[in-house]
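Spelled out from the first residue to the last, the chains are:
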Amino acid sequence: MSVIISPSVLSANFAHLQADIELLNRSQAEWIHIDVMDGVFVPNISFGFPVLSAIRKHSKKFLDVHLMVAQAEPYIMQFRAAGADLITVHYEAVTHVDSVIHQIKSTGAQAGVALNPGTPVSVLSEVAHLLDLVLIMSVNPGFGGQKFISYATRKVAEAKALLQAKGSFAKIEVDGGVGLHNAKELYNAGANVLVAGNAVFGSDNPEKTIEEMISICH
Ligand code: DX5
Ligand code: ZN
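This report concerns the structure included in the present document. Counting restarts for each chain: residues are numbered from 1 in the order of the written sequence. As a convention, the first chain written is A and the first ligand written is 1, with the rest following in written order. Two thresholds apply to this predicted model, a pLDDT of at least 70 for residue-level local features and 80 or more for giving and counting side-chain atom pairs, whereas whole-chain, interface and lining totals are computed over all residues. Excluded from the side-chain calculation are hydrogens and water; included are all heavy atoms of the structure.

Some remarks on the coordination of the zinc ion (ligand 2)
Move 1: Here the coordinating atoms are restricted to nitrogen, oxygen and sulfur within 2.8 Å of the metal centre, or 3.2 Å for Na, K and Ca, and because water is not among them the sites may look incomplete. Around the zinc ion (ligand 2), the donor atoms from the protein are His33 (NE2), Asp35 (OD), His66 (ND1) and Asp175 (OD), and they sit 2.0 to 2.2 Å away.
Move 2: Given 6 donor atoms and angles of 73 to 177° at the metal, the environment of the zinc ion (ligand 2) is assigned as octahedral.
Move 3: Spacing between the donor residues of the zinc ion (ligand 2) along the chain follows H-x1-D-x30-H-x108-D. Taken together, the residues span a long stretch of sequence, with His66 in strand β3 (residues 62-68) and Asp175 in strand β7 (residues 171-175) at a distance of 109 residues.
Move 4: Note on exposure labels: buried denotes an accessible area under 20% of the residue type's maximum, exposed denotes more than 50%, and partly exposed covers the range between, all computed with a 1.4 Å probe on protein chains only. Residue His66 is classed as buried on the basis of its relative accessible area, which comes to 0%. For four-coordinate sites, all angles between 85 and 135 degrees define a tetrahedron; for four- and six-coordinate sites, opposite donors beyond 155 degrees with the remaining angles between 65 and 115 define square planar and octahedral shapes respectively, and all other cases count as irregular. Helix and strand assignments follow DSSP, with helices taken as H or I runs no shorter than four residues and strands as E runs no shorter than two, numbered in order from the N terminus.

Section: the packing of helix α1 (residues 17-26) against helix α2 (residues 49-58)
Move 1: Axes here refer to lines fitted to C-alpha atoms; in helices the fit is confined to the stretch in contact. Angles between the N-to-C directions go from 0 to 180 degrees. Axis separation between α1 and α2 bottoms out at 9 Å; the angle between their running directions is 45°. By the criterion of interaxial angle, the relationship of α1 to α2 is oblique. The hand of the α1/α2 crossing is right-handed. Contact residues: α1 offers Leu17, Gln18, Ile21, Glu22 and Asn25, while α2 offers Val51, Ile55 and His58.
Move 2: When grouped by side-chain class, the residues that make up the contact of α1 with α2 number 4 nonpolar, 3 polar and 1 charged. Any angle between 65 and 115 degrees counts as roughly perpendicular, while under 35 counts as roughly parallel, over 145 as roughly antiparallel, and the rest as oblique. Helix crossings are classified by the rotation of the near helix relative to the far one: an anticlockwise turn of less than a right angle makes the crossing left-handed, while a clockwise turn makes it right-handed. Pairs of residues are marked as contacts when any of their non-hydrogen atoms sit within 4.5 Å. Polar here means any residue other than Ala, Val, Leu, Ile, Met, Phe, Trp, Tyr, Cys and Pro, which are nonpolar, and Asp, Glu, Lys and Arg, which are charged; Gly is therefore polar.

A short note on the site of ligand 1
Move 1: If even one non-hydrogen atom of a residue comes within 4 Å of a molecule or strand, that residue is called near it. Around ligand 1 lies a shell of 20 residues, among which Asp35, Gly142, Asp175, Gly197 and Asn198 are the nearest.
Move 2: Here a polar contact is recorded for every N or O atom pair within 3.5 Å, except that within protein the pair must consist of a potential hydrogen donor and a potential acceptor, and residues adjacent in sequence are included only if both atoms are side-chain atoms. One of the side-chain nitrogen or oxygen atoms of Asp35 is found 2.7 Å away from an oxygen atom of ligand 1.
Move 3: At 2.8 Å, a backbone N or O of Gly177 approaches an oxygen atom of ligand 1.
Move 4: Expressed as a share of its isolated accessible area of 380 Å², the protein-covered part of ligand 1 is 99%.
Move 5: Of all the secondary structure elements, the ones that give two or more residues to the shell around ligand 1 are β2 (31-37), β3 and β8 (193-196). All accessibility values rest on the Shrake-Rupley procedure with a 1.4 Å probe; residue burial counts only the protein chains present in the view.

Re helix α8 (residues 206-216)
Move 1: Three or more residues of α8 are buried, namely Pro206, Thr209, Ile210, Met213 and Ile214. Down the axis, α8 shows its buried residues gathered within 135° of arc, on one side only.
Move 2: Close packing links the buried residues of α8 with β1 (4-7), α1, α6 (183-189), β8 and α7 (198-201). Relevant arc is that of directions from the helix axis to the C-beta atoms, nothing else.

These values are about where atoms sit, not about what they do.
Take a look at the structure:
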């Protein structure tokens, strides 16, 4: 299966966001990664429903919404209504992970759970069969442009083994410090979706970088 590139708009130009969304529409990226940060779960605040709705209006892509939010449960329906196709919550931010996965899926969205670098993959063993996506953080969440944490690659392989053991068809997404230098290693370890913010929007030619990330994995 071909790798999915999910550029993170956190690194886009918010003064010309529509232009960057139209650039992604023209690109080979199948998804768009939308980082919602609340300033509580992570030490940064990004954007919320109005920006998501604006992206939905102009985007032709699958919207992969990553909630770095301390209490996401009350807002799941609103994120779906604003245009989320997939909603990922952090394992570390929810009390009842089985329940919130069902809650996300009841809206018609796909459900993902994200793990911070220090959280073992094994915490997902009881809910792996419910998931559409496992997000392996390869930076400590809160900012784009950080350095890749190398043990995330091993966690990708562990996630692949866990999902296979549980008969889950969930995708594995890697998020943070991903670029041309480590895309193939992550794909070979079992990642199906690669998030890239700075590597894409910080490059001279984002469309070309996306193409190169895809071809480098095959
Ligand atoms: C960090 C976010 C990531 C980040 C990725 O908390 O979850 O999605 O924006 O950006 P890069 O690819 O620049 O590390
Ligand atoms: Zn993210």
